[in-house]
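Observations on chain architecture
As a plain string of letters, each chain reads:
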There are 2 protein chains.
Amino acid sequence: MGRWEPAAAERLQHAALELFARQGYERTTAAEIAQSVGLSERTFFRHFADKREVLFRGQDEFEAAFLEGLAAVPADAPAMAAVAAAVRAGAAWFVDERRDHSRLRQVVIDANPPLLERERHKMAGLATSLASALRERGVTEPAATLAAESGATVFGIAFGLWIGEGEQRSLREIADSVLAELAAVTGTP
Amino acid sequence: MGRWEPAAAERLQHAALELFARQGYERTTAAEIAQSVGLSERTFFRHFADKREVLFRGQDEFEAAFLEGLAAVPADAPAMAAVAAAVRAGAAWFVDERRDHSRLRQVVIDANPPLLERERHKMAGLATSLASALRERGVTEPAATLAAESGATVFGIAFGLWIGEGEQRSLREIADSVLAELAAVTGTP
């Protein structure tokens, strides 16, 4: 890829989010997104397979961040300690500079049921990958799935708080607090 | 409704599951289901709004079983104790006589992505209802959502084990064991 390409992708992504939020995802075309930043439709499709990819790009990196966090934990650590490390690493991936982008993206996704569905599918995929990584470390079922699903739930709650109006804490800080709350809530049956 | 109607609904439901499992959900029509048990298409539509309802009928009762279990717990009990009671009540709703039906239904659902989607949506709705019931009892967030989502995860895992080949334990017994595992896994951060 040429030097100009990352910049073009970023400009397209930002313009797309603005258009999706303002006039609706369905009503926005790839050509329109490209035109709004002085680029051609062809350039758009050089960066994104389709309109939806603008919203779901980087999904592999997102999951990889969690899995790398998990892999860094000693093999003999409890399952939930490994998942907590994964959640913290995933949370750290969302630096504060991304917060406005993430907020706008969520507005677009919440307004469109098929996109919301895609997002849920992505989170379900994250839980499946975490459970699989735990089983590879020797964690048995149902502990692996319980820990992985709990981690995905914690991340989802923390993320929702992070993009909330007026929230100042980092996602990493919020995730720590929700992890502590999980232990308090579910550890006392 | 006349006396004959519950019996007809049950016969239609059983015939539908058999046909869905054998020849696929998409390829089976309401008329075919009705004909296979000597009833008319009109009778089918007197009992079910559409083909899909054969698989998702009773959803309100399913959720009501959980909520009644939760409501029976003293108001000052910890959130997770209330959710555990909800899960046990929901599990008790699936008596062993339903196991074969549930197994066949799951085969049909797993083979059809839109049905699987519908099923996931139903489980997400259960978690949302449980969280809402907890908030009404004064449980704050994120504890309410953490407890409710944990309950839905436990139920999902227990249900999957219950319909597993050769499984003999009742869903209620399995749910108890997964609830205990949840406390062990997530309570030790």
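If you check an unreviewed UniProt entry, chain A appears there as TetR/AcrR family transcriptional regulator from Phycicoccus endophyticus.

Across the interface, helix α10 (residues 171–186) of chain A lies against helix α10 (residues 171–186) of chain B with an axial gap of 9 Å and an inter-helix angle of 140°. By the angle between their directions, the pair α10 of chain A and α10 of chain B is classed as oblique. Between α10 of chain A and α10 of chain B lies a crossing of left-handed hand. Contact residues: Leu182, Ala183 and Thr186 of chain A in α10 of chain A; Leu182, Ala183 and Thr186 of chain B in α10 of chain B. Residues that form the contact of α10 of chain A with α10 of chain B fall into these classes: 4 nonpolar, 2 polar and no charged.

The next thing to look at is the interface of chain A and chain B. If you look at the interface, chain A gives 24 residues, while chain B gives 24 residues. Overall, the association of chain A and chain B removes approximately 2,100 Å² of surface from exposure, summing both partners, and the carbon and sulfur fraction of that is 76%. Contact with chain B buries surface across chain A, with Leu146, Val185 and Thr186 of chain A losing the most and accounting together for 26% of the total. Counting the contacts that link chain A with chain B gives 0 salt bridges. On inspection of chain A and its partner chain B, the count reaches 1 residue pair in polar contact (both at pLDDT 80 or more). Among the secondary structure elements, those contributing two or more residues to the side of chain A that touches chain B are α8 (113–136), α9 (143–162) and α10 of chain A. In terms of residue count, α9 of chain A provides more of the side of chain A that touches chain B than any other element does, 9 residues in total.

Residues and elements named next belong to chain A. Here chain A is partitioned into domain 1 (4–50) and domain 2 (58–186). Distance from the C-alpha centre of domain 1 to the C-alpha centre of domain 2: 28 Å. Of the residues lining the interface, 7 residues belong to domain 1; the matching set on domain 2 comes to 6 residues. Contact between domain 1 and domain 2 buries roughly 600 Å² in total, counting both sides, with carbon and sulfur atoms accounting for 80%. Area buried by domain 1 at its contact with domain 2 is led by Leu17, Ala21 and Tyr25, which between them contribute 69% of it.

Attention now moves to the UniProt feature "DNA-binding region" (unreviewed entry) in chain A. What UniProt calls "DNA-binding region" (unreviewed entry) maps, in this numbering, to residues 29–48 of chain A. With 70% helix and 0% strand, the stretch residues 29–48 of chain A has end C-alpha atoms that lie 13 Å from each other.

Moving on: the relation of the copies chain A and chain B. Put simply, the two copies of the chain differ by a rotation about an axis and a shift along that axis. Between chain A and chain B, which share one sequence, the superposing operator has a rotation angle of 180° and an axial displacement of 0.1 Å; the RMSD is 0.0 Å. The transformation relating the two chain copies, once decomposed into turn and shift, fits a two-fold axis. Looking at the rotation axis and the C-alpha trace of chain A, the residue lying nearest is Gly187 of chain A, at 1.9 Å. Same-surface contact between copies: 100% of interface residues of chain A are shared with the interface of chain B.

This part takes up the pattern of salt bridges. Any two side chains of opposite charge can pair if their charged atoms end up close together. All names here are of chain A. Considering all chains together, one arrives at 18 salt bridges over all chains under this definition. For Arg169, the salt bridge identified is with Glu167, shortest N-O distance 2.8 Å. In this structure Arg169 comes out as partly exposed when scored by relative accessible area, which is 31%. Taking the relative accessible area as the measure of exposure, Glu167 reaches 17% and is therefore buried. Through salt bridges with shared partners, one network takes in Arg88, Arg172 and Asp176.

With that out of the way, let us pick up the environment of Ala8 of chain B. Residues and elements named next belong to chain B. In this structure, Ala8 sits in helix α1 (residues 5–23). A relative accessible area of 3% places Ala8 in the buried class. Sequence spacing of Ala8 and Glu53 is 45 residues, and the spatial spacing of their C-alpha atoms is 15 Å. Those residues in contact with Ala8, other than ones at most four positions away along the chain, are Leu39 and His47.

Along an α-helix, residues three or four apart share an orientation, since each turn contains 3.6 residues. In this model, α8 of chain A (24 residues) spans 35 Å end to end at C-alpha, consistent with the 34 Å of a helix rising 1.5 Å per residue. Positive phi appears at Gly138 of chain A, one or two residues downstream of α8 of chain A, with a value of about 100°.

The next point concerns unusual backbone geometry. For the bond from Glu141 of chain A to Pro142 of chain A, the omega torsion is 5°, close enough to zero to count as cis. Along the chain, the position of Pro142 of chain A falls in the loop between α8 and α9.

The next subject is helix α5 (residues 59–71) of chain A. Residue and element names in this part refer to chain A. For α5, spanning 13 residues, the distance from its first C-alpha to its last is 18 Å, which sits close to the expected 18 Å at 1.5 Å a residue. Residues Phe62, Ala65, Phe66, Gly69 and Leu70 constitute the buried set of α5. One side of α5 holds all its buried residues, which, seen down the axis, span an arc of 135°. Among the exposed residues of α5, those oriented more than 90 degrees off its buried face are Asp60, Glu61, Glu68 and Ala71.

About the cut-offs
Residues numbered from 1 in each chain as written. Chains lettered and ligands numbered in written order. Predicted model: local features only at pLDDT ≥ 70, side-chain atom pairs only at ≥ 80, totals over all residues. Heavy atoms only, no water. Axes fitted to C-alpha atoms, helices over the stretch in contact; angles between N-to-C directions. Helix = DSSP H or I, 4+ residues; strand = E, 2+ residues; numbered from the N terminus. Parallel < 35°, antiparallel > 145°, perpendicular 65-115°, else oblique. Left-handed = near helix turned anticlockwise from the far one by under 90°. Contact = heavy atoms within 4.5 Å. Nonpolar A, V, L, I, M, F, W, Y, C, P; charged D, E, K, R; others polar. Buried area = accessible area lost by both parts, 1.4 Å probe. Salt bridge = Lys/Arg side-chain N within 4 Å of Asp/Glu carboxyl O. Polar contact = N/O pair within 3.5 Å; in protein donor to acceptor, adjacent residues only side chain to side chain. Domains from an automatic or database assignment. UniProt positions renumbered as here; feature names shortened; annotations may be inferred. Least-squares fit on C-alpha atoms with pLDDT ≥ 70 in both. Buried < 20%, exposed > 50% of the residue type's maximum accessible area, 1.4 Å probe, protein only. Expected span 1.5 Å × (residues − 1). Arc of directions from axis to C-beta.

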